[in-house]
Amino acid sequence: MAARRPPQAEKLAQKKQEKKEQEQLCDPGVPFCDAHCHLDMVLEALKIPVESLAERIEAGTLFGPSFKYAINVCCFPRSLRAFEEMQQNPALAGSIYTTYGCHPHAASEYDDTLEQAIVQHVSTEASTVAWGECGLDFFKSFSPPEVQKEVFARQLRMLVQTQTRKPLVLHTRDADEATLRILSEGLPSDYPIHLHCYTGAAPYAITMLDRFPQLKIGFTGMITFKNASKTREAVAVVPSACNLPADTSAHLTLGSGPLAAGN
């Protein structure tokens with residue numbers, strides 16, 4: 001009969017196993033990208049200076065060794081300078097791409113100066129790959145709904161005027177009807193759109209795909225939440241070619257529902 005390991009050894013072995021499992025969760029072992037993240041918030045939360053970002057990516061200590069690139073979303077005016085500094089760092093070329101836009105929460109801060117900065121980035125930089133995120137959020141309404149709608153429509157006009165055909169990163173929450181109307185008025189039906197962090201139901205997802213066939217729908221770890229059954233139904237009906245998973249770091253985590261276990 002084999003001798004039983006002392007309790008301390010048992011605990012140590014358990015910790016090693018847990019660490020191994022966590023590493024496997026953090027790094028899938030195959031090349032991956034993050035389609036939507038806010039690196040300024042990630043670095044702030046982890047207390048990592050932006051100057052060390054390239055070194056950490058190269059060493060695989062921040063995102064894991066299988067990380068290939070991330071799309072860094074700048075959508076709040078206060079973050080503009082930090083994003084520009086990251087984008088101008090040659091050591092991050094090919095690892096960090098950027099989008100610029102104005103989030104509906106910050107719609108009240110949108111002005112000509114911010115607009116021209118966004119246009120400049122989108123129009124002239126290959127590493128700026130999209131406009132956004134922008135759209136409507138009537139769930140929290142940090143900016144008045146009418147202001148949100150005006151700023152959203154204005155951004156769509158400017159995006160079309162850039163003639164770049166760069167995708168739109170779309171944020172919409174509790175604003176289905178207004179979002180669809182403004183999009184339909186502002187963009188041609190074949191325009192590429194990333195409907196980011198979708199938390200709605202299946203019927204609206206199908207409506208959006210029918211209206212904009214080039215649209216991709218981003219689902220996040222929120223589908224594991226106990227109250228996300230309607231969004232899981234949307235996952236089931238959205239074609240895999242139109243599904244663009246993202247973690248939206250540093251905002252979202254997995255829930256505690258049955259889908260969260262082991263994911």
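Scoring rules and cut-offs
One numbering rule holds for all chains: residues counted from 1, following each sequence as written. Per-residue local features of the predicted model are confined to residues with pLDDT of at least 70, and side-chain atom pairs are confined, for both listing and counting, to 80 or more; whole-chain, interface and lining totals are unaffected and use all residues. Excluding hydrogens and water, the side-chain figures rest on all heavy atoms present in the structure. Think of it this way: DSSP has to see at least two bridges between two strands before they count as a pair. In this text, helices come from DSSP runs of H or I with a minimum length of four residues, and strands from runs of E with a minimum of two, each type numbered from the N-terminal end. Note on geometry: axes are lines fitted to C-alpha atoms, helical ones only across the stretch in contact, with angles between N-to-C directions running from 0 to 180 degrees. The contact criterion used throughout is that any non-hydrogen atoms of two residues lie within 4.5 Å. Stacked, edge-to-face and tilted are the three classes for Phe, Tyr and Trp ring pairs, Trp counted by its six-membered ring, which pair at centre distances within 6.5 Å; planes under 30 degrees apart are stacked, over 60 edge-to-face, the rest tilted. Accessible area is worked out with a 1.4 Å probe on protein chains only. A residue is then buried under 20% of its type maximum, exposed over 50%, and partly exposed in between. Take a side-chain nitrogen of Lys or Arg and a carboxyl oxygen of Asp or Glu: if they are within 4 Å of each other, that pair is a salt bridge. The span expected for a helix works out to 1.5 Å for each residue beyond the first. Handedness of a crossover: with both strands directed away from the viewer, a clockwise path from the first strand across the helix to the second marks it as right-handed.

Regarding the sheet that holds strand E3 (residues 96-100)
An order of E1-E2-E3-E4-E5-E6-E7 is seen for the seven strands of this open sheet, with the pairing classed as parallel. The open sheet has two free edges, formed respectively by strand E1 (32-37) and strand E7 (215-217), since each of these has just one partner strand. Recorded for the sheet is a direction-independent mean angle of 25 degrees between the axes of neighbouring strands. Here five bridges tie strand E2 (residues 67-74) to E3, and the two strands are oriented parallel to one another. Bridging from a neighbouring strand, Cys74 pairs with Tyr100 of E3. In the packing of helix H7 (residues 176-186) onto the sheet, contacts are made with strand E4 (128-137), strand E5 (168-173) and strand E6 (193-195), and the angle to E5 comes to roughly 155 degrees.

Some words on the packing of aromatic side chains
Under the counting rule described, the total for this entry stands at four aromatic pairs. On the numbers, 5.9 Å between centres and 70 degrees between planes, the contact of Phe32 with Phe67 is edge-to-face. Of this pair, Phe32 sits in strand E1 while Phe67 is found in strand E2, placing the two residues 35 residues apart along the sequence. Classification of Phe32 by relative accessible area gives partly exposed; the value is 25%. Given a relative accessible area of 9%, Phe67 falls into the buried group. With a centroid separation of 5.5 Å and 85 degrees between ring planes, the pair formed by Tyr69 and Tyr97 is classed as edge-to-face.

Some words on the environment of Thr199
Position of Thr199 among the secondary structure elements: in the loop between E6 and helix H8 (202-211). Among residues more than four places away in sequence, those in contact with Thr199 are Met222, Lys230 and Thr231.

Quick notes on unusual backbone geometry
As a rule of thumb, non-glycine residues mostly have phi less than zero, and peptide bonds are mostly trans rather than cis. Here Gly132 and Glu133 are connected by a cis peptide whose omega angle stands at 10 degrees. Relative to the assigned elements, Glu133 resides in strand E4. Even without being glycine, Lys47 reaches a positive phi, approximately 55 degrees. Take Lys47: it is sitting in the loop between helix H2 (39-46) and helix H3 (53-59). One non-glycine residue, Asp174, lies in positive phi territory at about 55 degrees. Its location among the elements puts Asp174 in the loop between E5 and H7.

Concerning the pattern of salt bridges
With the rule as written, the count across this model stands at seven salt bridges. Glu85 is paired through a salt bridge with Arg81; the nearest N and O atoms lie 3.8 Å apart. You can see Glu85 and its partner Arg81 sitting in helix H4 (residues 80-87), four residues apart, about one turn around the helix. Accessibility expressed as a relative area gives 43% for Glu85, which makes it partly exposed. A salt bridge links Glu146 to Lys149, with the shortest nitrogen-to-oxygen separation between them at 2.8 Å. Taken as a pair, Glu146 and Lys149 lie in helix H6 (residues 145-162) at a separation of three residues, close to a single helical turn.

So, H6
The end-to-end C-alpha distance of H6 is 26 Å, a good match for the 26 Å that 18 residues give at a rise of 1.5 Å each. In this structure, the buried side of H6 is in contact with helix H5 (112-124), E4, E5 and H7.

Some thoughts on the side chain of His121
Its place among the elements puts His121 in helix H5. With sequence-adjacent residues up to four places away left out, His121 is seen in contact with Leu80, Glu84, Gln87, Tyr100, Thr128 and Lys166.

Quick word on the pairing of E3
With four of five residues buried, E3 is to be regarded as a mostly interior element. Following the chain from E2 across H4 to the adjacent parallel E3, one finds a crossover that is right-handed.

Quick notes on H2
Every buried residue of H2 is accounted for by Leu39, Asp40, Met41, Val42 and Leu43. Packed against the buried residues of H2 are E1, H3, E2, H4 and E3. Once H2 finishes, Lys47 follows within two positions and takes phi at roughly 55 degrees, a positive value.

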